[in-house]
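# Commentary on secondary and tertiary structure
Here's the letter readout for the chains.
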Amino acid sequence: MNLDIFKNETLNIKADLAILVARVVCGYAFILHGWGKIQDPFHWMGPDSSVPAIFQFLAALSEFGGGIAWVIGLLTRLASFGIVCTMIVAAYFHSVILGDSFINLTGGRSYELAGVFFTISLVFLTVGAGRFSLDQKIFGSKSK
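Here's what I pulled together on the structure shown here. No experiment lies behind these values; they were computed from the predicted model shown.

What follows covers a nonpolar patch on the surface. Together, Tyr-92, Phe-93, Val-96, Ile-97 and Leu-98 line one region of the surface with nonpolar side chains, adding up to about 460 Å² of accessible area. Checked against the element boundaries, Tyr-92 lands in helix 3 (residues 76-97).

Now for helix 3. The end-to-end C-alpha separation of helix 3 is 30 Å, in line with the 32 Å expected for 22 residues at 1.5 Å each. When helix 3 is considered as a whole, its buried residues turn out to be Thr-76, Arg-77, Ala-79, Ser-80, Gly-82, Ile-83, Val-84, Thr-86, Met-87 and Ala-91. Remark: Gly-99 follows helix 3 within two positions and exhibits a positive phi of approximately 70 degrees.

The topology assignment puts Thr-86 in helix 3. Take Thr-86: its relative accessible area is 14%, and that puts it in the buried class. Here the side chain of Thr-86 touches Gly-82 through a polar contact of 2.9 Å, landing on its backbone oxygen. Those residues in contact with Thr-86 that lie beyond four places of it in its chain are Leu-58, Ala-59, Ser-62 and Glu-63.

Applying the stated criterion across every chain, the model contains 6 salt bridges. For Lys-7, the salt bridge identified is with Asp-4, shortest N-O distance 3.4 Å. Accessibility expressed as a relative area gives 25% for Lys-7, which makes it partly exposed. A residue is classified by how much of its surface remains accessible, and Asp-4, at 37% relative accessible area, is partly exposed. In this structure, the salt-bridge partner of Arg-131 is Asp-16, at a minimum N-O distance of 2.5 Å. Taken together, the positions of Arg-131 in the loop between helix 4 (112-127) and helix 5 (134-139) and Asp-16 in helix 1 (residues 13-39) put the pair 115 residues apart, joining distant regions of the chain. Of the residues examined, Arg-131 reaches a relative accessible area of 35% and is grouped as partly exposed. Classification of Asp-16 as buried rests on a relative accessible area of 2%.

Okay, the packing of helix 1 against helix 4 next. The contact between helix 1 and helix 4 brings their axes to 11 Å, and the two run at 130 degrees. By the angle between their directions, the pair helix 1 and helix 4 is classed as oblique. The hand of the helix 1/helix 4 crossing is left-handed. Contacts from Ile-19, Ala-22, Arg-23, Cys-26, Ala-29, Phe-30 and His-33 in helix 1 reach Leu-113, Phe-117, Ile-120, Phe-124 and Val-127 in helix 4. Residue composition of the contact of helix 1 with helix 4, by class: 10 nonpolar, 1 polar and 1 charged.

One full turn of an α-helix is made of 3.6 residues, so residues set three or four places apart face in the same direction. Taking 1.5 Å per residue as the helical rise, helix 1 with its 27 residues ought to reach 39 Å, and the 38 Å between its terminal C-alpha atoms agrees with that figure. The sharpest bend along helix 1 reaches about 30 degrees and sits at His-33. Turning to helix 1, its buried residues number three or more, namely Asp-16, Ile-19, Arg-23, Cys-26, Gly-27, Phe-30, Ile-31, Gly-34 and Lys-37. Taken together, the buried residues of helix 1 touch helix 2 (53-72), helix 3 and helix 4.

The rules behind the values
- Residues numbered from 1 in each chain as written.
- Predicted model: local features only at pLDDT ≥ 70, side-chain atom pairs only at ≥ 80, totals over all residues.
- Heavy atoms only, no water.
- Patch = residues over 30% accessible without salt bridge, like charges linked within 9 Å, V, L, I, M, F, W, Y side chains within 5 Å.
- Areas by Shrake-Rupley, 256 points an atom, 1.4 Å probe, with all protein chains shown as cover.
- Salt bridge = Lys/Arg side-chain N within 4 Å of Asp/Glu carboxyl O.
- Helix = DSSP H or I, 4+ residues; strand = E, 2+ residues; numbered from the N terminus.
- Expected span 1.5 Å × (residues − 1).
- Buried < 20%, exposed > 50% of the residue type's maximum accessible area, 1.4 Å probe, protein only.
- Polar contact = N/O pair within 3.5 Å; in protein donor to acceptor, adjacent residues only side chain to side chain.
- Contact = heavy atoms within 4.5 Å.
- Axes fitted to C-alpha atoms, helices over the stretch in contact; angles between N-to-C directions.
- Parallel < 35°, antiparallel > 145°, perpendicular 65-115°, else oblique.
- Left-handed = near helix turned anticlockwise from the far one by under 90°.
- Nonpolar A, V, L, I, M, F, W, Y, C, P; charged D, E, K, R; others polar.
- Bend = angle between axes of the 7 residues up to and from the residue.

Quick look at the structure:
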């Protein structure tokens, strides 16, 4: 089995420090976002939801488990893939189904947060967790 997908891109130390800070802050945010969902992972959207239970579970796992993975930097690309998928669905749901705007200046619903988290997870999916991670200890970096 080829585990190169879990190797980090080789970056300079400043970029790795920035990725570490982003991973910890955004990972913590996802732990908090996913905490309520993981309490009832197959039914967190309520009994009247048309979203199948398996997709509710995958979203709860992606947010809560993905947040933990980001904080510790373990299987970061896999976690990021789950979060990318979850944020695409969240943005679609808010923009197309609910008709929310990208930013709601009055504090109401929007898909801004899903768009920001999608972008951040795309970065982690692309470059990995950086040198300050368990991914680095276990899998190493890609050669230039």
